[in-house]
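Geometric and topological summary
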Amino acid sequence: MADLTSNFIGIKSPNPFWLASAPPTDKEYNVRRAFEAGWGGVVWKTLGEAGPPVVNVNGPRYGAIYGADRRLLGLNNIELITDRPLEVNLREMKAVKRDYPDRALIASIMVPCEEEAWKAILPLVEETGADGIELNCGCPHGMSERGMGAAVGQNPDLIEQITRWCKQTTRMPVIVKLTPNITDVRLPAQAAKRGGADAVSLINTVNSITSVDLDLFAPEPTIDGKGSHGGLCGPAVKPMALNMVAEIARSPETADLPISGIGGVTTWKDAAEFMALGAGNVQVCTAAMTYGFKVVQEMISGLSQYLDEKQIGLPDLVGRAIPNVSDWQHLNLNYVSKAVIDQDACIKCGRCYAACEDTSHQAIAMSEDRVFTVKDEECVACNLCVNVCPVEDCITMERMAPGQTDPRTGKVVQAEPADWTTHPNNPMAKVAAE
Ligand SMILES: Cc1cc2nc3c(=O)[nH]c(=O)nc-3n(C[C@H](O)[C@H](O)[C@H](O)COP(=O)(O)O)c2cc1C
Ligand code: SF4
Ligand code: SF4
């Protein structure tokens, strides 16, 4: 079995799977059970400053979007940071860390954007034996209206400032958790780095309204006839999260900044994808809320088996896909492929025909007895038929070998790659050549 031992910015854990700061990590009872189930670490539910705790709504706080089989694709929440007293959380964190010294325990913190507030809470957190802190610069609701959470995360100067205060005040490693509710995620990541952050983690939840009650005419979840925007998480946000992680990992300014990947991780494969795009470890919330703590066991065995099959170690996986993340203009325009339908696998549903005929390139023929075939002279290889076909691997995209003539363009496929930067139709290429 592959060694999954993880060392993220000096914080060791038996595997790279941490629970993200959220209800699964809100109290000692949960975290002990999570550790028993096998989680490598937890980021404790976000702590606020001492004093009266925040107040949550007493009506529904979650909304959801589902796939056709009612599988949960996205969870929307209007929950705030922990609503339990600071001293209770700190006491419980200390007890858990004492009993599970090999697991990572990170304190997520959100206090007002004032130096005194950070200086007051950090020594208390340090005293619990926590391995690090995560600055919650992302909470998209409730706290941002009070100048915290996403209100900080959307302002790179404030991120830099808070990170610097923390680095000056504590010996604990500082992870800055970023909000996706921003135009260019590289800017807050750069700010965190300037402030001295040891790492960034992303993403927090995405501003969203999941549905509208069409009798009450109010967003859901609805509380006494009204609803508010919430934060979306779960499998639906994974594509956005992967892109943001990759943007930070491949940006020269932040390429050396460690990343904890978050957003829709449900299986070992999701985790491996985040890591291939540069995440040193992953954090999970919705999958645990949907399937329970034992979901980590499939993640551990699956990732371990994958690494064994590939004959690589965990550190070799981190960032392995980054050299292959390219800007569009560098994609090889001499790479030509065609859709091919496996007639034995085809169930003759006709989806590929409808999609290609109505919205793509009229490149699929349907015979009277419903045999579907690709017209190579029309196929532009867009992949839409592959994406809509309900049978996995029934349609595949096959590369044309160099030297063959593409029946669509009448041109011979070239072996040498060529991209848009040198293409004759590109006005900028002409300017560069002159
Ligand atoms: C109900 C709920 C409460 C959350 N509370 C916090 C929080 O207190 N602090 C925080 O940093 N993130 C919080 N999050 C965000 C998660 O930590 C995580 O960033 C997000 O859910 C994306 O991961 P996922 O797709 O695995 O759920 C919360 C998420 C949910 C669903
Ligand atoms: S790849 Fe695109 S163009 Fe080709 S057959 Fe499929 S849908 Fe049509
Ligand atoms: S979508 Fe797939 S299964 Fe359906 S007709 Fe086309 S190739 Fe066959």
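What comes next concerns the included structure. All values reported here derive from a predicted model rather than from experimental measurement.

1. Structural notes on the site of ligand 1
Around ligand 1 sit 28 residues, and of these Ala20, Thr46, Cys233, Cys285 and Thr286 come closest. Secondary-structure elements contributing two or more residues to the shell around ligand 1 are β4 (41–47), β6 (72–77) and α9 (286–291). Class assignment of the residues belonging to the shell around ligand 1 gives a composition of 13 nonpolar, 12 polar and 3 charged.

2. Looking at unusual backbone geometry
Residues Leu202 and Ile203 are joined by a peptide bond in cis, for which omega reads 15°. Mapped onto the elements of the fold, Ile203 is located in the loop between β10 (199–202) and β11 (206–208). For the bond running from Glu220 to Pro221, omega is 0°, close enough to zero to count as cis. Notably, Arg70 is not glycine yet its phi reads approximately 60°, a positive angle.

3. Section: the site of ligand 2
The full set close to ligand 2 counts 15 residues, and Cys356, Ala363, Cys379, Cys382 and Cys385 are the nearest of them. Elements represented by at least two residues in the shell around ligand 2 include exactly α12 (351–359) and α13 (384–388). Here the shell around ligand 2 is composed, by residue class, of 12 nonpolar, 3 polar and no charged.

4. As for the sheet that holds strand β9 (residues 174–177)
Strands sit in the order β3-β4-β7-β8-β9-β10-β15-β16 around a closed barrel of 8 strands; the barrel is parallel. Along the sheet, successive strands turn relative to each other by an average axial angle of 25°, direction set aside. Pairing analysis gives 2 bridges linking strand β3 (residues 17–19) to β4, with the strands arranged parallel. From the neighbouring strand, Leu19 faces β4, where its bridge partner is Val42.

Reading guide: rules and limits
- Residues numbered from 1 in each chain as written.
- Chains lettered and ligands numbered in written order.
- Predicted model: local features only at pLDDT ≥ 70, side-chain atom pairs only at ≥ 80, totals over all residues.
- Near = placed C-beta within 6 Å.
- Helix = DSSP H or I, 4+ residues; strand = E, 2+ residues; numbered from the N terminus.
- Nonpolar A, V, L, I, M, F, W, Y, C, P; charged D, E, K, R; others polar.
- Pairing = 2+ DSSP bridges.
- Axes fitted to C-alpha atoms, helices over the stretch in contact; angles between N-to-C directions.

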